[in-house]
Amino acid sequence: MWSDLGAEWKNDWLLTTDRESLDEALRCYAQATTLAPDSSGPWCAASALLLLQGRPQDAYRAALKARRADLAGFEPLLVLAASFYRLSVVAYADSAFRMARARMPAELRQRLDDDSPLRPFAVDTDTSNPKDGEPWLWRDADPDLTTPENEALLDYRTRVTLAFFLFRDRDALRWDARADLFVRFGPPDAIDYNGPAGWDTELEITYVRQKELTHETQIDYGPGPHRYTFNRQVWKYASLGINVALYDFRLTHTYELTPSLERDRYDPRAKADSLDSREELVRLGAGRGVFRALAPGVTPMQVEGTISRFVVGDSTLVQAHVAAAGGTADSMVGAWAIVASDGTVLKRETAQLSLSACDPSAERVATFAMTAPPGEFRIDLAVSARGGRRGVVRLRSNVEPVPPGLAMSDLVLVCGDASLATSYDAVRIEPNLSRRVANSKTVTAYYELDHLVTAPNGETRFSFRYTIRRAAQSDDEAPGRVLIDASREERSTGTHRRQFVSANIASLPSGRYELQVEVRDLIGGSTASGTTEFVKARH
């Protein structure tokens, strides 16, 4: 009886989002757990409602009691996983969801794996056999590849878990348009139930019988108009720019989206600019779903990163740099992941951030590197700091097969003194991520050459020319005329060469510029070039 009363109060909350209804529902389920402590159902329902109230620690305790009452069932595992996620214990959440998924009926498992919120258009898809329990579209949408867990998928599965209990009528799951909105965007900010709120208040549909007019008389096929009442809810997501009208035409508490004559189905979308200031959220599927990019309780922080590629023999070294604001007393850990286009994780690694050469007093950096085969890659860089702060930058890089003849790396704008970056066996560079040059008369860039042709005595000779001109202001505009032009010849030994280029820019006014370096192998005759941009700032 108490569980039935709890279900009625829960349904009332689904009509109005009235906090008192949720409190009453929870009170009824709490009474049910007192009378039947060995029944998992009331504990599971209580855990789900506690999560809705923002009480994950209490939800976790209720989930543990549900688990003790039913060690073989999947529902206690679902609420346990959802509680772990809301407590930011994402590794345990991921494990518990996988265990629950293995025990679920196929129909419910398909709900847990549904990837339609990631698609620009809602279509039926086959997710019956996703690899490792993670559908491939969700794998592509992972907002932080530096962790083994998919934070957006965990957020989605937590919402699905809550929907299982919110939209259940006794033993039947009533999955309607409200449940679909709930798992795509979360609980609404407000619900208008059969109220005006700027909408047409007429809650009846009128059907008029057709009449036939012949050349002699008018034939009436039935009596006057027939009126049918219905219920309506308007779900409001103010921060996402979404107001959705839902209709219960059959008066069975099953709601449908607004009918439309202009498209097959009205499909709500979060506005493109709705998350500009919400770094903890990610908009997927052209706005069909909004999910957490960071675990609950994590505070987003600003992180910058860049990728540089260097040819070494017949291979390409991919080097990643990540930077975040921080002083000498700050302890920060950086991480990176490089993932191939087929989803294969080639490498994950962590490292402590150290003082930056660009701004030693206010910035910290970390560097990661690996030799990568030809292909397209997604590279994620992350920084974690005290106080639950975390930032992620997502980059793309393409590695081409090493060409025959002279090969040149990316041209990298660097910070600090070039003489201090060089040791007898290595060069340690730090890219200028902001590309801003201030309080300096020179701009410095770094590049590497490989496959230089050697003379019989083992010597190599090459020339380089660098030019600086105004950068193009748009893709349709060509760069400006050359403002600085200089060249030089160099001699070396071996086929590989590391090279710094410093240009005097004291005469240039502030603005955005393009630096280009052209290299010619004076023995082999082949050429290569690289380009980068920088901004000269006012002092």
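Above this note sits the structure.
Small disclaimer: the values here were computed from a predicted structure and weren't measured.

Enquirer: Let's hear about the overall build of the chain: which residues, and what values?
Expert: Helix and strand counts for the chain come out as 10 helices and 30 strands. Put simply, the chain shows about 26900 Å² of open surface, and 48% of that area lies on carbon and sulfur atoms.

Enquirer: Pulling in residues and values, what's your account of the environment of Asp70?
Expert: Residue position: Asp70 is located in the loop between α4 (56-69) and α5 (75-86). Note: C-alpha distance between Asp70 and Gly41 (29 residues apart in sequence) is 9.2 Å. Excluding residues that lie within four positions of it along the chain, Asp70 makes contacts with Ser40 and Pro76.

Enquirer: Before we move on, could you go through the sheet that holds strand β14 (residues 303-312) and cite the residues and values that matter?
Expert: If you walk across this open sheet you meet the 4 strands as β14-β15-β19-β18, and the pairing is antiparallel. Unpaired on one side and paired on the other, β14 and β18 (354-355) mark the two borders of the sheet. Pairing of β14 with strand β15 (residues 315-325) involves 10 bridges; the strand directions are antiparallel. Among the inter-strand pairings, Val303 is bridged to a residue of β15, identified as Ala324.

Enquirer: Describe in detail the sheet that holds strand β27 (residues 482-493), supporting the description with residues and values.
Expert: Strands sit in the order β24-β30-β29-β26-β27 across an open sheet of 5 strands; the sheet is mixed. The sheet is open, and its two borders are formed by β24 (436-437) and β27, each paired with just one other strand. With 9 bridges joining them, strand β26 (residues 459-470) and strand β29 (residues 511-521) adopt antiparallel strand pairing. In the strand pairing of β29, Arg465 is matched with Glu518.

Enquirer: Which residues make up the pattern of salt bridges, and what values go with them?
Expert: Summed over the entire model, instances satisfying the criterion amount to 28 salt bridges. Taking the shortest distance from any N to any O, the salt bridge between Asp192 and Lys236 comes out at 2.7 Å. Highlighted residues: Asp192 in strand β3 (residues 190-193) and Lys236 in strand β8 (residues 231-237), separated in sequence by 44 residues. We classify Lys236 as partly exposed; its relative accessible area is 23%. Between Arg288 and Asp267 there is a salt bridge; the shortest N-O distance is 2.5 Å. In this pair, Arg288 is assigned in the loop between β11 (281-284) and β12 (289-292) and Asp267 in the loop between β10 (256-257) and β11, connecting sequence segments 21 residues apart. For the pair shown, Arg288 and Asp267 are each scored as buried.

Enquirer: Before we move on, can you summarise unusual backbone geometry with the specific residues and values?
Expert: Of note, His253 is a non-glycine position whose phi angle comes to about 65 degrees, a positive value. Positionally, His253 belongs in the loop between β9 (242-248) and β10. With relative accessibility at 42%, the residue His253 sits in the partly exposed group. Residues other than glycine seldom take positive phi values, yet Arg435 does so here, at roughly 60 degrees. You can see Arg435 is positioned in the loop between β23 (412-413) and β24.

Enquirer: Before we move on, can you summarise a nonpolar patch on the surface with the specific residues and values?
Expert: Together, Met1, Leu5 and Trp9 make up an exposed nonpolar region whose accessible area comes to about 320 Å². Topologically, Met1 is positioned in the segment before α1 (2-16).

Enquirer: Describe the state of the cysteines, and please don't skip the residues or the numbers.
Expert: One pass over the full model with this rule turns up 1 disulfide. Note on cysteine connectivity: Cys358 is disulfide-linked to Cys415, with sulfurs 1.9 Å apart. Here the S-S torsion is close to 90 degrees, and the disulfide linking Cys358 with Cys415 is therefore right-handed. Taken as a pair, Cys358 in the loop between β18 and β19 (363-372) and Cys415 in the loop between β23 and β24 lie far apart in primary sequence, 57 residues in all. Judged by its relative accessible area of 16%, Cys415 falls in the buried class.

Enquirer: Report on α4, specifying residues and quantitative values.
Expert: Here α4 spans 20 Å end to end across 14 residues, near enough to the 20 Å set by a 1.5 Å rise per residue. For α4, the full list of buried residues reads Ala59, Ala62, Ala63, Ala66 and Arg67. The arc that holds the buried residues of α4, viewed along the axis, is 145 degrees, so those residues lie on one side. Residues of α4 that are buried make contact with α3 (40-52), α5 and α6 (90-103).

Enquirer: Tell me what's going on with the side chain of Asp248, and back it up with residues and numbers.
Expert: Along the chain, Asp248 falls in strand β9. For the buried residue Asp248, which engages in no salt bridge, the nearest side chain bearing the opposite charge is Arg250, 6.0 Å off. Separated by 3.0 Å, the side chain of Asp248 and the backbone nitrogen of Leu251 make a polar contact. Within the structure, Asp248 has its side chain in polar contact with the backbone nitrogen of Thr252 (distance 3.0 Å). Ignoring sequence-local partners within four residues, the contact set of Asp248 consists of Phe230, Asn231, His253, Thr254 and Tyr255.

Enquirer: Describe the packing of α1 against helix α2 (residues 19-35), with residues and values.
Expert: Across the interface, α1 lies against α2 with an axial gap of 8 Å and an inter-helix angle of 165 degrees. Judged on the interaxial angle alone, α2 and α1 are roughly antiparallel. In the packing of α1 onto α2, the handedness of the crossing is left-handed. Contact with α1, carried on its side by Trp2, Ser3, Leu5, Gly6, Ala7, Trp9, Lys10, Asp12 and Trp13, involves Ser21, Leu22, Glu24, Ala25, Arg27, Cys28, Tyr29, Gln31, Ala32 and Leu35 of α2 and no other residues of that element. Looking at the contact of α1 with α2 residue by residue, the classes come out as 11 nonpolar, 4 polar and 4 charged.

Calculation notes
Residues numbered from 1 in each chain as written. Predicted model: local features only at pLDDT ≥ 70, side-chain atom pairs only at ≥ 80, totals over all residues. Heavy atoms only, no water. Helix = DSSP H or I, 4+ residues; strand = E, 2+ residues; numbered from the N terminus. Areas by Shrake-Rupley, 256 points an atom, 1.4 Å probe, with all protein chains shown as cover. Contact = heavy atoms within 4.5 Å. Pairing = 2+ DSSP bridges. Salt bridge = Lys/Arg side-chain N within 4 Å of Asp/Glu carboxyl O. Buried < 20%, exposed > 50% of the residue type's maximum accessible area, 1.4 Å probe, protein only. Patch = residues over 30% accessible without salt bridge, like charges linked within 9 Å, V, L, I, M, F, W, Y side chains within 5 Å. Disulfide = S-S within 2.5 Å. Expected span 1.5 Å × (residues − 1). Arc of directions from axis to C-beta. Lys, Arg positive; Asp, Glu negative; His and termini not counted. Polar contact = N/O pair within 3.5 Å; in protein donor to acceptor, adjacent residues only side chain to side chain. Axes fitted to C-alpha atoms, helices over the stretch in contact; angles between N-to-C directions. Parallel < 35°, antiparallel > 145°, perpendicular 65-115°, else oblique. Left-handed = near helix turned anticlockwise from the far one by under 90°. Nonpolar A, V, L, I, M, F, W, Y, C, P; charged D, E, K, R; others polar.

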